[in-house]
Every structure is written in C-alpha cells, then in structure tokens.
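Take a look at the letters that make up each chain.
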Amino acid sequence: MNSSGLAGTETDKLVAGPMFIVTSGLAVITVGTNALILVTFACQKRLWTYTNYYIINMTVADLLAGAVVMPIRSMTILYNGWPFGSVKGVIFLAVHNTCVGVSVLGVLVITIDRYIATLHPIQHYSGRTKRIAALVNTFTWIIPFVFWLFFNVVWYLLDPTGETIPNGLPRSNFTRTVALSLLTFCIRFALPFSLILILYIRVLVEINARVTKTHSNIAHKKDTFRKRAMEGDRVSEESKSSVRCISSDILTRKKEKSENNIRARSFGNQCSAASKHGNLRGGGRESMSTSDSSFGGKHDRVQGVVRGQSTAEGRKALKTLSFIILVFAITWLPIAFSVICYTMFPHVYKQMNDAFGFSDKARWISYTNSLFNPVAYTMAQPLIRQTIVNIFCLRVICRDVKKRNEGK
C-alpha cells in the first residue's frame, strides 16, 4: 500500500516538474508581451487615444495576472497542493478573481464604447475625454475588488469551510451549493459575455446597414447626375437647332422682300433682333443650370466620399474589438463548460477531473487570455506593430538620444 502511494507520489513529481516549467514559461511570456505593449504606448504618444485608454487598463490587468496569479498558481503544480495556508489561499483567490473581473469588465467597456460611438455618435464624441476614460477604468478595478473581497475573503473568515479543492486551495463558500456556483458563473462570465455579444452584433448590423445605404446613395446620385447631364445636352442641341432654323428663315424672307419696302424690312430686322436676344437669354439660363447641376453633383460626390471614409474608420476601429472578443470567447469557453458540468452533471465533472484534471487545465486555458490580448492589439493596430518594430530596431532609443543631444 505504501509502495503504491509512493509510486503515485513519484509519478506526480515526474509530471509536476515539466508542467511547472511550462506554466512558469507561460507566465514569463505573458508578462513580457504585456510589458512590451505598455512600453509601446509609452514610446508612441499617438497611441494615447480615448479608446486605447481602455486597452492600457486591460494590459495592466493582464500584466498583473502574469506576474502574480499565474506564478502562484503554478506553485500548486510544483508542490501538488497549496502550501501557504487557508487565509492566504482565499486572499489569493480574491486577487485572482479581481484580475479576471477587470479583464471581463474591460472587454465590456470597450464594447459599450463602440456601441455608443456607432449608434449615438454625437453623444459619444461630445463626452469622450481621457478623464472619463480614467474614471471608468478606476471603477473596473473597484467593483470586482470590493465584490470579491466580501464574497471570497470576508465570507470565508466569518464561516470557514475547512474544505479544499483538488489543487489544494481552500474551497470558497459560494462553491458549496450548485445555485450559488451557477449564479457566480452568470455574474462573472455568462451575463457579461451575452451583453458583449448582443452589443457587438448590433454594432455590426448598424455598420453594414450604413455601408449599404451609402453605396445605394452614391449609385442614386451618380444616376441622377448622369440623367441631368443627358437632359442638359438634349436641351442644348434643341436650342442650337432652333437658332439655325430661325436664321435660315430670316435670310429667306430678306431675299424675297423688296428693297423699296422699308417697313417690311424694318419689321423683319426687329423680329430677328428679338429672336436672337431671347435665344441668348435662354442659352445663358441653360448654361447656368448646367453649371449648377455640375456643382451640385460634385458637392454630392464629396459628401459621399466623406461618409465612406467615416464608415471605413468605424470598421477599422471595430477591428480591435473583434480580435479581443474572439480571444475572449476562445479562452473562456473551456472554463464555462467546466462550470456547467459541475453544476448540471457533477458525475461527469468528477470523472473528467479524476481522469486528466479538466478543471485545472480549463483554468490555465482561461489564463492564456492575458497572453493573447497583446497579440490581438498588435494585429488590429498597425501603429502598434510599427512601434514595436522600431523598439526592437532601437530606432526609438536612438531618436530620444538624438533629441537629448540636440537639446544640449
């Protein structure tokens, strides 16, 4: 019996070593990528926009997750349990849940901001200041910190469970009942993700509707301008034909009239002068009308281009959010499946945990959200990519040194 337990312990140690190296390496990479994003923002002032303030806030939360949560969590793999006591365990869980909450609220805030900017642009642009962004970022930290301080730490200190979860951490009070576990899951993930998805789809529908409307307006204005041009050419041809007919008729009459009939010739000259004067006035009006039509068409085309550029900017701004939501959904789906199995199919949950530690692996997959978020920012914003290249090529440092030397 002892030998089999010893064998099991030796096996656990053989598995724990490589897993600890992998998870520690994951933590180091997470810290490095998020620190690089912060350095990028520090070096490139053009990145300090209103929307990017929210990205900086998420980057700080992801950096804290990589520097604190992931290394401490990896210690449970190395020691095959939690060696630091129950009180420190619930404090760690509170810090862990706070970092996760800030990340989730950060995605929700960016989605709401993009929703307001798309559907209510006037209100958005009148109220988008960096002070408001900083205030919103502050609340994304205060709300989860206060919530988990009472829900994790205070509740446990008032009513200790005395139980542990498979990785050795103390069991939180809210996980002792299925109803509270499901409610906590809804607050942490299900409700925010549902709201994010609904707002994101609403923004996509609105942008696609604007693009379709813009294209149809441009096509309609082109057709209208083309019809006006054709009508102007037709009227111009009719005017020229009328002038030629009248001139020919006047010449014929002049030849037929007698030189001795002064009144008839005088009357013919007056008619000729009146006809020419009327045609010249009509031609001037047509010319002005054609010019006005040309100016109006040109003005409409300029407005169409401006609307098209505005729509393109909206779609470009949405690109960052699309990458963030995609990463968020992929990395959080395993832990969502784990919670659903725990609440609805406990036997299946226990079998998966006993077989290959599913809940712990799902937790680590959710941690990779902090790693892939910086990748999403880099893929979505070309200026971040260019600044990172400049940093690695030491162009930014050389430029700063040159400025200092010029100042001296």
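Refer to the preceding data block for the structure.
Residues numbered from 1 in each chain as written. Predicted model: local features only at pLDDT ≥ 70, side-chain atom pairs only at ≥ 80, totals over all residues. Heavy atoms only, no water.

A.B. asks: Explain the overall build of the protein here, please?
C.D. replies: Secondary structure summary: the protein contains 12 helices and 0 strands in total. Taking as baseline every contact in the protein between residues at least 6 positions apart, the subset at least 24 positions apart corresponds to 79%. Accessible area for the protein stands at about 24,400 Å²; split by element, carbon and sulfur atoms hold 66% of it. (Helix = DSSP H or I, 4+ residues; strand = E, 2+ residues; numbered from the N terminus. Contact = heavy atoms within 4.5 Å. Areas by Shrake-Rupley, 256 points an atom, 1.4 Å probe, with all protein chains shown as cover.)

A.B. asks: What exactly am I supposed to notice about the side chain of N152 here?
C.D. replies: Mapping N152 onto the fold places it in helix α5 (residues 130-158). Using a relative accessible area of 2% as the deciding quantity, one classes N152 as buried. A distance of 2.9 Å separates the side chain of N152 from the side chain of S172, its partner in a polar contact. Excluding its chain neighbours within four sequence positions, the residues that come into contact with N152 are V90, L93, A94, N97, S172 and F174. (Buried < 20%, exposed > 50% of the residue type's maximum accessible area, 1.4 Å probe, protein only. Polar contact = N/O pair within 3.5 Å; in protein donor to acceptor, adjacent residues only side chain to side chain.)

A.B. asks: Is there a simple way to think about the environment of V102 in this case?
C.D. replies: Its place among the elements puts V102 in helix α3 (residues 86-119). For V102, a relative accessible area of 0% puts it in the buried group. Separated by 42 residues in sequence, V102 and V60 place their C-alpha atoms 9.6 Å apart. The residues contacting V102, other than those within four sequence positions of it, are N57, A61, T140, W141 and P144.

A.B. asks: Would you mind showing me how to read the pattern of salt bridges here?
C.D. replies: The tally for this structure, following the rule as stated, stands at 5 salt bridges. The salt bridge partner of D159 is R176, with a shortest N-O separation of 3.9 Å. Of this pair, D159 sits in the loop between α5 and α6 (178-256) while R176 sits in the loop between α5 and α6, and the two are 17 residues apart along the sequence. Classification of D159 by relative accessible area gives partly exposed; the value is 37%. When the shortest N-O distance is used, the salt bridge between R202 and E206 registers 3.5 Å. Remark: E206 and R202 occur in helix α6; sequence separation between them is 4 residues, near one turn of the helix. Several salt bridges share partner residues, and in doing so they unite R202, E206 and R210 into one network. (Salt bridge = Lys/Arg side-chain N within 4 Å of Asp/Glu carboxyl O.)

A.B. asks: How do you make sense of the packing of helix α9 (residues 358-367) against helix α10 (residues 369-380) when you look at a structure like this?
C.D. replies: Two numbers describe a pair of packed helices, the interaxial angle and the distance between the axes. Between α9 and α10, whose axes approach to 5 Å, the crossing angle comes to 25°. Here α9 lies roughly parallel to α10, going by the angle between them. On the side of α9, the interface is formed by I365, S366 and Y367, while α10 contributes N369, S370 and L371. Classifying every residue of the contact of α9 with α10 gives 3 nonpolar, 3 polar and no charged. (Axes fitted to C-alpha atoms, helices over the stretch in contact; angles between N-to-C directions. Parallel < 35°, antiparallel > 145°, perpendicular 65-115°, else oblique. Nonpolar A, V, L, I, M, F, W, Y, C, P; charged D, E, K, R; others polar.)

A.B. asks: Got a minute to help me understand the layout of surface pockets in this structure?
C.D. replies: To locate leftover empty space, one rolls a probe as large as a water molecule over the atoms. As a volume, the largest pocket reaches approximately 1,400 Å³. R73, P166, N167, S359 and D360 are, among the 47 residues lining the largest pocket, the residues nearest its centre. At the level of secondary structure, the elements contributing two or more residues to the lining of the largest pocket comprise α1 (2-43), α2 (50-78), α3, α6, α7 (262-344), α8 (346-356) and α9. Counting residues per element, the lining of the largest pocket draws most heavily on α1, at 7 residues. For the lining of the largest pocket, a count of residues per class yields 22 nonpolar, 17 polar and 8 charged. (1 Å grid on protein atoms, 1.4 Å probe; cavity = no way out; pocket = protein on both sides within 12 Å on 5 of 7 lines; lining within 4 Å. Points joined across faces, edges and corners; volume = space filled by probe spheres on them.)

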